[in-house]
Amino acid sequence: LGIVKPIDSIKSAIRDGTIESLAKDKLFWQQPRELHVYRHGLRKEIKVVYWKDGKYIKSALKELNRLCLDLHNGRATRMDKRLFDSLWFAQQVASQVGFIEPMEITSGYRTPSTNKALIADGTKAAKNSYHLQGKAIDFRIPNLDTRTLGKLMRAFNKGGVGTYHRSSGGWV
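A.B. asks: Give me the pattern of salt bridges: which residues, what numbers.
C.D. replies: Under the criterion given, the structure shown has three salt bridges. A salt bridge links Asp85 to Arg33; the shortest N-O distance between them is 3.1 Å. Placement of the pair is Asp85 in helix H5 (residues 81–96) and Arg33 in strand S1 (residues 33–39), with a sequence separation of 52 residues. Residue classification places Asp85 among the buried positions, given a relative accessible area of 9%. On the accessibility criterion, Arg33 (6% relative accessible area) is buried. Asp80 serves as the salt-bridge partner of Arg82, at 2.6 Å between the closest nitrogen and oxygen. Given a relative accessible area of 17%, Asp80 falls into the buried group.

A.B. asks: Quick one: what's the story with the packing of aromatic side chains, residue by residue and with numbers?
C.D. replies: Going through the model one piece at a time under the given rule, you end up with nine aromatic pairs. Pairing Phe28 with Trp88 gives two aromatic rings, centres 4.8 Å apart and planes at 35 degrees, and the pair type is tilted. Placement of the pair is Phe28 in helix H3 (residues 26–30) and Trp88 in helix H5, with a sequence separation of 60 residues. Trp88 carries the same exposure label as Phe28, and that label is buried. Here Tyr50 and Tyr56 contribute two aromatic rings whose centre-to-centre distance is 6.2 Å and whose plane-to-plane angle is 25 degrees, an arrangement assigned as stacked. Here Tyr50 falls in the buried class, since its relative accessible area comes to 0%. A connected cluster of aromatic rings, assembled from ring pairs, spans Phe28, Trp29, Trp88, Phe89 and Phe156.

A.B. asks: Quick one: what's the story with the sheet that holds strand S5 (residues 138–140), residue by residue and with numbers?
C.D. replies: As summarised here, the arrangement of the five strands in space is S3-S2-S1-S4-S5, forming an open sheet in which the pairing is mixed. What marks the edges here is a single partner per strand, and that holds for strand S3 (55–56) and S5. Two strands pair when backbone bridges link them, and S1 and strand S2 (residues 44–52) are joined in this way by seven bridges, in the antiparallel orientation. Its bridge partner being in S2, Tyr38 is matched across the sheet by Glu45. Its contacts with the sheet place helix H4 (residues 58–67) against S1, S2, S3 and strand S4 (103–107), and it is angled at close to 145 degrees to S2. The sheet strands contacting H5 are S1, S2, S3, S4 and S5, and the helix crosses S1 at an angle near 90 degrees.

About the thresholds
Residues numbered from 1 in each chain as written. Predicted model: local features only at pLDDT ≥ 70, side-chain atom pairs only at ≥ 80, totals over all residues. Heavy atoms only, no water. Salt bridge = Lys/Arg side-chain N within 4 Å of Asp/Glu carboxyl O. Helix = DSSP H or I, 4+ residues; strand = E, 2+ residues; numbered from the N terminus. Buried < 20%, exposed > 50% of the residue type's maximum accessible area, 1.4 Å probe, protein only. Phe/Tyr/Trp six-rings, centres within 6.5 Å; stacked < 30°, edge-to-face > 60°. Pairing = 2+ DSSP bridges. Contact = heavy atoms within 4.5 Å. Axes fitted to C-alpha atoms, helices over the stretch in contact; angles between N-to-C directions.

So this is what it looks like as structure tokens:
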């Protein structure tokens, strides 16, 4: 992974600055970016290279956008490409310490009607959520503690990060 030392533990890599160094490592960001993701609500798993040779691959982005659709009404939008880079970064770090299962997207794009319905049902959804603009994705990495994943994403320092916990599990 570029010039950054190997990662033995996500927590220690956060503490010693390795994560921040990796996020800035130009060689790391020049390698092809492949995501392995699963969307439970669709029962669909994909493994797709979405960036290669300095360019995003349109067909792969479309496939990822479809995976991030609003599960309540089937509508999709063009998600912010930088979200996929954030997911890829998390997946790369996690795979270095043995987390090789596909990451699970729990929420992607939301239409205004879905967002209103969630709020009406008592879900803590922001009235002007970034999900409405295709600028937020909730996800988890199987068997990786949600708090650790949240700390990893905060150390990456490329956007707002929230951690959420329910009896069924957590997500970032």
